[in-house]
Amino acid sequence: MKPVKAVKTEMKELPQEVMVEIFLRLPVKSLLRFKCVCKHWLSLISDPNFAKHHFQRSSLNLTHKILYTLHFVAWSWDFNAPFVDHSALSRIQLPLAFVPANINWMRMVGSCRGFLLVALNDNILLNDLIIWNPSTGSCKRVPQPPTWDNKFAFLCGFGYDVSTDDYIIVQVSYKNWEAYLDDEVIIFETFSVKSNSWKIVDVHGLNCTYTNLRNDDVDTPRVGSFLNGYIHWLAWCKDGERANHGAIIAFDLNENKNGLRLHEVPLPDDFIHEYSDLGVFGGWLGLIEMNAPDQLNIRVMKEYGVKSSWVNLITVSLLNIPSDFISPMFMFLCRYGEVVGIYDGVGFVKYSDRGGELLEPPNNPHGRSRFYSTASVYTETLLSLPSNHGDQG
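Cut-offs used in this document
Residues numbered from 1 in each chain as written. Predicted model: local features only at pLDDT ≥ 70, side-chain atom pairs only at ≥ 80, totals over all residues. Heavy atoms only, no water. Helix = DSSP H or I, 4+ residues; strand = E, 2+ residues; numbered from the N terminus. Buried < 20%, exposed > 50% of the residue type's maximum accessible area, 1.4 Å probe, protein only. Pairing = 2+ DSSP bridges. Axes fitted to C-alpha atoms, helices over the stretch in contact; angles between N-to-C directions. pLDDT = per-residue confidence, 0-100. Contact = heavy atoms within 4.5 Å. Phe/Tyr/Trp six-rings, centres within 6.5 Å; stacked < 30°, edge-to-face > 60°. Patch = residues over 30% accessible without salt bridge, like charges linked within 9 Å, V, L, I, M, F, W, Y side chains within 5 Å. Areas by Shrake-Rupley, 256 points an atom, 1.4 Å probe, with all protein chains shown as cover. Salt bridge = Lys/Arg side-chain N within 4 Å of Asp/Glu carboxyl O. Core = buried A, V, L, I, M, F, W, Y, C linked by side-chain atoms within 4.5 Å.

As recorded in an unreviewed UniProt entry, the protein goes by the name F-box domain-containing protein, listed as coming from Arachis hypogaea.

## Observations regarding the environment of N196
Relative to the helices and strands, N196 is located in the loop between β10 (187-192) and β11 (197-201). In this structure N196 comes out as partly exposed when scored by relative accessible area, which is 23%. Measuring from C-alpha to C-alpha, the distance between N196 and V142 comes to 7.7 Å, with 54 residues separating the pair along the chain.

## Digging into the sheet that holds strand β7 (residues 139-142)
Pairing is antiparallel in the open sheet, where 4 strands are placed in the order β4-β5-β6-β7. Among the strands making up the open sheet, the edge pair consists of β4 (106-112) and β7. Strand-to-strand twist of the sheet, defined as the mean angle between neighbouring strand axes without regard to direction, takes the value 25 degrees. Note that β4 and strand β5 (residues 115-120) share 6 bridges and pair antiparallel. From the neighbouring strand, S111 faces β5, where its bridge partner is L116.

## Remarks on the confidence of the model for the protein
When pLDDT is averaged along the protein, the result is 76; 66% of the residues meet or exceed 70. Least confident of the elements in the protein is strand β12 (residues 211-212), whose mean pLDDT is 46; most confident is strand β14 (residues 225-227), at 93. Low confidence marks residues 363-372, where pLDDT is under 50. Its contacts with residues over four positions away, or in another chain, come to 33 contacts.

## A short note on the packing of aromatic side chains
Tallied over the entire structure, the rule returns 10 aromatic pairs. Here the aromatic rings of F115 and Y167 are separated by 5.1 Å at their centres, their planes lie at 70 degrees, and the arrangement is edge-to-face. Placement of the pair is F115 in strand β5 and Y167 in strand β9 (residues 166-174), with a sequence separation of 52 residues. For the pair F115 and Y167, a shared accessibility class is recorded, and that class is buried. Three or more aromatic residues link up through ring pairs in this structure, and these residues are F115, F158, Y160 and Y167.

## Describing a nonpolar patch on the surface
A cluster of nonpolar side chains, L14, V18 and I22, forms an exposed patch at the surface whose accessible area comes to about 230 Å². In this structure, I22 sits in helix α1 (residues 16-24).

## Some words on unusual backbone geometry
Backbone geometry at R113 places phi at a positive 55 degrees, although glycine is not the residue there. The partly exposed category is assigned to R113, whose relative accessible area is 22%. Positive phi, close to 50 degrees, is recorded for D165, a residue that is not glycine. Inspection of the secondary structure puts D165 in the loop between β8 (152-161) and β9.

## Re the nonpolar core
In a soluble, globular protein the nonpolar side chains are often hidden away together inside. Formed by 29 residues in total, the largest nonpolar core has its most connected members in F50, L129, I131, F158, Y167 and I169. If near-sequence neighbours (up to four positions away) are discounted, L129 is found in contact with V109, L117, V118, A119, K140, R141, V142, I169, Q171 and W198. Core analysis: the second largest hydrophobic core is formed by 18 residues, F152, F154, L155 and F188 among them.

Here you go:
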C-alpha cells in the first residue's frame, strides 16, 4: 500500500478591509489575545484609529457593562444579557495600585469612553485618584491638586474634550470644612491628562447667591453626568423666586470656546427634586425621579438644551421589588429599552414597563453586604490615554 502524500495547502489571508470589519465586531478580550497571533494582527489591533472605530461601534450598539467591587474583587457584568446567564459575569483583575495592602477604601466617581475614575482612601478630599481602563488593565495615578490640604470636595466629574483629545477631571470644593458651613466661595479645579496638571478655573456665570451646588450628603461628593462635552450636576436654587427649586448646572470642558463655561440646562416645569438624580440614557440627558414610594419615572431631554423636548422614557412599578430603598443614583439603559438599577445596595434590578426583575449578587460569600456603591457603567475599549505621564499598572 502506497503511503499517502501530504498535500500542502496555503491559507489565503482575508483582505484587510474584511479583517478589520470582523475585528471591529469582536470583544476587547478576544482582540487582546489575537495580538499574539502574528505581527500583522498586532499592528492592526494596536492602531489608535482601529481603537477609535472599535469604541464608536461599541457605543452605538449600547454594548455596556457594569463594573462593581466586592471586598477588593472586581466583577464585570454585561447587563444586556438575561439575568439567568451567569456567563455574562466575569472577574476583572485590579491593577497593582488597588491591592488591599495599599488602600482601605475605593469608589467609582466617573466613567468616560471606557475609562473609570476611581477615588481611593478618602471619600471627601478626593486627593488620591486613579484613571483605569478595566478592559486593558492600564491605569494612571492622578497627582494631588495644589489646593489639596483640608479641602472639602462636594462635586466631581470626569469627561472628554474632543477638541483637544484630552480627558478632564473636574472638582468643586470648599477650601475647608468651616468654609462649607459658612457657605463661602467655592473652588472650581480641572485636571488635564495631556498636561498632567491641575488648574483653578475662574467660573463666570455662577451666581453663588442664586444657585446652591452643595450636595445634601456631605460624606459623598455628587458625581456629574458627562454628555455633549459638558459635565452636569443636579443642584438647587436657594434665593429668589426659584428658591428650593431644582436646576441642572452644566460645565463646559472646552476652555478655548468663547462664552461662559458654566450655564443652566432647563428642567421641566413639574420637576420635583426630592429623591431625584441625573443620568445619561441612550445618549440623552435624563432625570431619574422617585415620584412615589412605589413608582420610578425616567424622563429624557430629546433635544439638548430645549426645555420642551423633555419626554417620558419609562415608568415602572416598584411594588414587586422586596426592598425599602431603591437608589436612583445607578440607573443604566439597556439595549432593549429596559433600565438596570441597584436596589438596597445589594443587588441589581432590571426595570421595564412590565415591572422589575431581580438579580442577587453572585459569588458573594459575605451575604447581603452593601458593596454596590462602587458600581459604574463602562464600555469596553482599546483606547489609551493621550499622555504617558503617571503610573501604569
